[in-house]
Amino acid sequence: MRVVTTAQPLDVQPTPLALLLLGREADPKSERGVECPGDLPAPSDPDLVERARAAKAKLGDKVFVLGHHYQRDEVIEFADVTGDSFKLARDAAARPDAEYIVFCGVHFMAESADILTGDDQQVILPDLAAGCSMADMATAEQVAECWDVLTEAGIAEQVVPVSYMNSSADIKAFTGKHGGTICTSSNAQRALDWAFEQVDPATGKVLFLPDQHLGRNTAVRDMGLSLDDCVVYNPHKPNGGLTAEELRAARMILWRGHCSVHGRFSLESVNDVRERIPGVNVLVHPECKHEVVAAADYVGSTEYIIKALEAAPRGSKWAIGTELNLVRRLANRFAAEDKEIVFLDKTVCFCSTMNRIDLPHLVWTLESLAAGKVVNRIQVDNETESFAKLALERMLALP
């Protein structure tokens, strides 16, 4: 006898994160955005460049456009300054006369600009969906839970948080509130030196957020710590997947986060390019995996990469391990000097969230501002801003 049963509906409620990814909810404290109000110009509109020029000219000194190195060429064309995330935030703060700061980058960068600029200035992100997967890997709730774990292990008083610039305002605020500092990829060693000076040299520790690779590479490559001094805290496991004994023995507690672009480069990529291009110099960003950094000839931030290629001799060969928009722009820039510049990996890899800022979004933003309508303003609440600014000011005071 065959028994026929009727399927009963499962009482399963989608999580807030699932709804966010499906575009059915919004979370103002998340790096991810889910909508961009207003009608964008068609990508194929042949008049986009002229429209952008006209709107920018109409706004004049009221607008200041920032372009991160990883942005598309079509966007960089309209940037008043280019640079890495912190340089751009400082550039914005240095222009108090600009009423509107249009940040062509990602969400955490616009937050930092809002924190560092005046109350009368308005920071605009052309596409709210331009987030950062790395910044998303550490939420305020997860980090608060981590601190509880450190407290239960009896070591919280011996831990100084150091957060990478590539983090949300909430994480920067946590860092400021707990006596820590912010760092960039170019001053990470100075920040870690400072952090260890704040605690007992024998037992002091750093909680490094949210990029494990930058923390590990700086500690091991630049400061002489060992890989055994580093443990990885996984926020998706009970107690971070670590025992109290492991936490007590560690010097560097690394958050389990990474950059989706730089994390793609592998030791195989380095070995392959050396075989294909004899005499090539391998230059990578410190967000790459430790084995990639160890195998490279040079390691440094985006600004370091640019300066290294500027100073490179004619005819030299370079394989660069960072975002493709920047690599391609540098290859074109130095082609006349016979410098051969290639992407480290064979697989094309743009930063998908950076690339959300395109010319249609920029035109829509500038035309809206020119018409007196402020769109996509990024505004950090006062309490978060005060603690985040404290952490940023500690970084600015580093020797």
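Residues numbered from 1 in each chain as written. Predicted model: local features only at pLDDT ≥ 70, side-chain atom pairs only at ≥ 80, totals over all residues. Heavy atoms only, no water.

## Some thoughts on the pairing of strand E13 (residues 340-343)
Bridge analysis of strand E12 (residues 317-321) against E13 gives four bridges, and the strand direction is parallel. When the sheet's bridge partners are listed, Lys317 is paired in E13 with Glu340. Where the polypeptide runs from E12 across helix H15 (residues 324-333) and back to E13, its parallel neighbour, the crossover connection is right-handed. (Pairing = 2+ DSSP bridges. Helix = DSSP H or I, 4+ residues; strand = E, 2+ residues; numbered from the N terminus. Right-handed = clockwise from strand over helix to strand, strands pointing away.)

## Describing the pairing of E12
Along E12, four of the five residues are buried, which leaves the element largely enclosed by surrounding structure. In terms of strand pairing, strand E10 (residues 281-284) meets E12 through four bridges, oriented parallel. Paired with Val282 across the bridge in E12 is Ala319. (Buried < 20%, exposed > 50% of the residue type's maximum accessible area, 1.4 Å probe, protein only.)

## What to know about the sheet that holds strand E5 (residues 159-164)
Strand order across the open sheet formed by five strands is E6-E5-E7-E9-E8, with parallel pairing between neighbours. Single-partner strands in this sheet number two, and they are strand E6 (181-183) and strand E8 (230-233). Averaged over neighbouring strand pairs, the angle between their axes works out to 25° when direction is ignored. Bridging between E5 and strand E7 (residues 205-209) involves five bridges; their strand directions are parallel. Residue pairing for E7: Pro161 is matched across the bridge by Leu207. (Axes fitted to C-alpha atoms, helices over the stretch in contact; angles between N-to-C directions.)

## Notes on the state of the cysteines
Applying the stated criterion to the full structure yields zero disulfides. A disulfide-free cysteine, Cys230 has its sulfur positioned 14 Å from the sulfur of Cys183, the nearest such atom. Residue Cys351 stays outside any disulfide, its sulfur separated by 6.5 Å from that of Cys259, the closest cysteine. Overall, Cys351 belongs to the buried group, its relative accessible area being 15%. (Disulfide = S-S within 2.5 Å.)

## Let's talk about the confidence of the model for the protein
As a general rule, the predicted coordinates of low-pLDDT regions are not to be interpreted in detail. Per-chain confidence: the protein averages 90 in pLDDT, with 90% of residues scoring 70 or above. Taken together, the stretch residues 1-12 has pLDDT below 50 and engages in zero contacts with residues farther than four places along the chain or on a different chain. (pLDDT = per-residue confidence, 0-100. Contact = heavy atoms within 4.5 Å.)

## What about helix H7 (residues 140-152)?
Spanning 13 residues, H7 covers 19 Å between terminal C-alpha atoms, matching the ideal 18 Å at 1.5 Å per step. The elements touched by buried residues of H7 are E5, helix H8 (169-177), E7, E8, helix H11 (244-249) and strand E9 (252-255). Gly154 lies just past H7 and shows a positive phi near 80°. (Expected span 1.5 Å × (residues − 1).)

## With respect to the pattern of salt bridges
Close approach of charged atoms allows side chains of opposite charge to pair. Scanning the model with the defined rule gives 18 salt bridges in all. Residue Glu50 pairs with Arg53 through a salt bridge whose shortest N-O separation is 2.8 Å. Of this pair, Glu50 and Arg53 both sit in helix H2 (residues 48-59), three residues apart, which is roughly one turn of that helix. A relative accessible area of 47% places Glu50 in the partly exposed class. Residue class for Arg53 comes out partly exposed when judged on its relative accessible area of 43%. With a closest N to O distance of 2.7 Å, Glu310 and Arg333 form a salt bridge. Of this pair, Glu310 sits in helix H14 (residues 302-311) while Arg333 sits in helix H15, placing them 23 residues apart in sequence. For Glu310, a relative accessible area of 39% puts it in the partly exposed group. Owing to a relative accessible area of 45%, Arg333 belongs among the partly exposed residues under this scheme. Salt bridges sharing common partners tie together Asp45, Arg51 and Glu367. (Salt bridge = Lys/Arg side-chain N within 4 Å of Asp/Glu carboxyl O.)

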